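Chain residues, written in single-letter form:
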Amino acid sequence: MSKSYWIDINMIKTPPVNTDTMSDSSDSTFCGVCKVRHITKASAYWCPECDEGLCTECHDNHHSISKATRTHGVISMKRYRKLPASIANISNFCTEHDMKFENYCPHHNKLCCPACISTIHQKCIGLQLLRDVLKNAKSSTDRIDDLTRFLHQREKCQNEVTQLRITINSHLDELEQQIQTELNAAEMKVNLKTNKLVADLSQKTKCADQLQDSITSVKKYGSNLQAYMGSKLIEANVEKEETYLQTLLKDGSLQQNLLKCKIDDTIGKLSSITTLDSYL
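From a predicted model like this one, the values you see are computed outputs, not experimental measurements. (Residues numbered from 1 in each chain as written. Predicted model: local features only at pLDDT ≥ 70, side-chain atom pairs only at ≥ 80, totals over all residues. Heavy atoms only, no water.)

## Focus: the state of the cysteines
Going by this rule: For the purposes of this analysis, a disulfide is any pair of cysteine sulfur atoms at a distance within 2.5 Å.
Under the defined criterion, the tally for this structure stands at zero disulfides. You can see Cys34 has no disulfide; the closest cysteine sulfur is in Cys31, sitting 3.6 Å from it.

Here is the structure:
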C-alpha cells in the first residue's frame, strides 16, 4: 500500500509571493556552470537535480554526457517557466547545510540531507531513501491525471445526456404542436358540420310546421277536390322530408361526435426506460 508524504517547508528556497505567478528566478536565467567560470550565458535548460540552469553548450557537451549528470531529468527553460513559482522554488538542496536532500524522515515529515541526519535526525527510526519515496510521486501524478480524465469524461457524459434531453424535448414540442394543429382542424370541421346540420334541421322544422298548417287549413276550409289534390301534394312533401331524415340516420349525421387521441406506443415506452446506459 502506498503512503502519503508531506514536503516540509525547509525544501523551499524562497517563499513564493504569489503561487499563481510563473517562475522567473534570477538563478535560472543564466547558466550556473558558466557563472562559476565568470561567464554570463542565458540558460536554455533547467536541471532540477543540480538546481541550476544550463546553456546549450554546457548541456550538450558536459551535462548530458557526464556519468554523474546524464540521467538527470533536464527540462527546457520554456517548460520550466510554465511552472508556478511555488513549484519551481522547490529545491533539491538543504538551505541550512547547502547539501542535497538524500533521505526522508516520516517521523518529522521532513526531507534530510546527510548533515541533517547527523545533527537533527540521529535518533529517528525509519529514515527512507528519497529516491524510494519519489518513486510514488509519478504514480500520484498519474492518479491525479486519471481523476482529471474521469472528471472530463463525466462532464462529457453529462453534456451528452443534457443534449439528448434537449433533443427529446424539442421533438416532443414539435409533436405536441402538430397534434394541437390537428385537434384545432378537427374541432373546426365538426363545428362547421354541426352548424350546417342545425341550420338544415331548423329549416326542415319550419317546412314541417308549414305542412301542418296546410293540412289544418285544407281540412277546415278546402273543398273535397282541394282536399284530395292538396293531400297528394302534402304527402309528396312529407315523403321528401322523411327521405332526408332517413339519410341523416344512415350517414351518422345525427350521432354524437366523439374526439379520440391515440398516443403512439413508442412514445409511451419512454416512461418505462430506467437507465440510458451503464456508467462504468
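## Things to note about helix α9 (residues 224-250)
We count it as follows: Helical segments are the DSSP runs of H or I of at least four residues, strand segments are the runs of E of at least two, and each set is numbered from the N terminus. One fewer than the residue count of a helix, multiplied by 1.5 Å, yields its expected span. Type-normalised accessible area, obtained with a 1.4 Å probe on protein chains alone, sets the label of each residue: buried when under 20%, exposed when over 50%, and partly exposed for intermediate values.
Its 27 residues give α9 an end-to-end C-alpha distance of 38 Å, which sits within 8% of 39 Å, the value for a rise of 1.5 Å per residue. Taken together, the buried positions of α9 are occupied by Gly230, Ile234, Glu241, Tyr244 and Leu248. Gly252, located one to two residues past α9, shows a positive phi value of around 80°.

## Topic: the sheet that holds strand β1 (residues 45-47)
Using the following cut-off: Only strands joined by at least two bridges in the DSSP assignment are considered to pair.
Taken together, three strands build an open sheet; the order of strands is β2-β1-β3 and the sheet is antiparallel. Each edge of the sheet is formed by a strand with only one pairing partner; in this case those strands are β2 (52-54) and β3 (75-76). Where β1 meets β2, three bridges bridge the pair, whose relative direction is antiparallel. In the sheet register, Trp46 faces β2, and the bridge partner there is Gly53.

## Things to note about the environment of Gln212
Mapping Gln212 onto the fold places it in helix α8 (residues 135-221). Residue classification places Gln212 among the partly exposed positions, given a relative accessible area of 47%. Sequence separation between Gln212 and Ile234 is 22 residues; the distance between their C-alpha atoms is 9.1 Å.

## A look at the UniProt feature "coiled-coil region" (unreviewed entry) in the protein chain
The line we're drawing: UniProt positions are given in the numbering used here, feature names are shortened, and annotations may be inferred rather than shown by experiment.
Residues annotated by UniProt as "coiled-coil region" (unreviewed entry) correspond here to residues 154-192. Here residues 154-192 is 100% helix and 0% strand, with 57 Å between the C-alpha atoms at its ends.

## Structural notes on the sheet that holds strand β4 (residues 103-105)
Strands sit in the order β5-β4-β6 across an open sheet of three strands; the sheet is antiparallel. For this open sheet the edge positions go to β5 (110-112) and β6 (128-129), each flanked by a neighbour on one side alone. Relative to β6, β4 is paired through two bridges, and the arrangement is antiparallel. Its bridge partner lying in β6, Tyr104 is registered against Gln128.

## Concerning the nonpolar core
Formally: Each nonpolar core is a collection of buried residues, namely Ala, Val, Leu, Ile, Met, Phe, Trp, Tyr and Cys, held together in the definition by side-chain atoms within 4.5 Å. Contacts between residues were defined by any pair of non-hydrogen atoms, one from each residue, lying within 4.5 Å.
In this structure, Cys94, Phe101, Tyr104, Cys105, Leu111, Cys112, Cys113, Ala115, Cys116, Cys124, Leu130 and Val133 together form the largest nonpolar core, which totals twelve residues. If you list the elements that add at least two residues to this core, you get β4, β5, α6 (114-119) and α7 (130-133). Residues contacting Leu130, with those up to four places away along its chain left out, are Phe101, Glu102, Asn103, Tyr104 and Leu111.

## Digging into unusual backbone geometry
In this structure, His38 takes a positive phi of about 60° despite not being glycine. Position of His38 among the secondary structure elements: in the loop between α2 (32-36) and β1. The backbone of Asp98 shows a phi angle near 55°, a positive value even though the residue is not glycine. Inspection of the secondary structure assignment puts Asp98 in the loop between α5 (85-88) and β4.

## Considering a nonpolar patch on the surface
Spelled out, the test is: Only residues whose relative accessible area exceeds 30% and that form no salt bridge are eligible for patches; like-charged ones are grouped when within 9 Å, while nonpolar side chains (Val, Leu, Ile, Met, Phe, Trp, Tyr) are grouped when within 5 Å. For the accessible areas, the method is Shrake-Rupley and the probe is 1.4 Å, while residue cover comes only from the protein chains on display. By definition here, a salt bridge exists when the distance from a side-chain nitrogen of Lys or Arg to a carboxyl oxygen of Asp or Glu is within 4 Å.
There is a patch of nonpolar side chains on the surface, built from Leu164, Ile168, Leu172, Ile179, Ile263, Ile267, Leu270 and Ile273 and spanning about 590 Å² of accessible area. In terms of residue count, the dominant contributor to the nonpolar patch is α8 (four residues). Secondary-structure assignment places Leu172 in helix α8. The class for Leu172 is partly exposed, based on a relative accessible area of 31%.

## Considerations on the side chain of Ser43
Spelled out, the test is: Pairing of N or O atoms within 3.5 Å defines a polar contact, subject to two protein rules: one partner must be a possible hydrogen donor and the other a possible acceptor, and residues neighboring in sequence count only if both atoms are side-chain atoms.
Relative to the helices and strands, Ser43 is located in the loop between α2 and β1. Residue Ser43 is classed as buried on the basis of its relative accessible area of 9%. Separated by 2.8 Å, the side chain of Ser43 and the backbone oxygen of Phe30 make a polar contact. At 3.1 Å, the side chain of Ser43 and the backbone nitrogen of Cys31 are in polar contact.

## Points about helix α3 (residues 56-63)
Side chains of residues three or four places apart in an α-helix project in the same direction, reflecting 3.6 residues per turn. Heads up, the condition is: To be clear, the arc concerns the directions from the helix axis to the C-beta atoms.
Within the sequence span of α3, burial applies to Cys58, His59 and His63. Here the buried residues of α3 occupy an arc of 100° about the axis, which is enough to place them on one side. If you follow the buried residues of α3, they end up packed against α2, β1 and β2.

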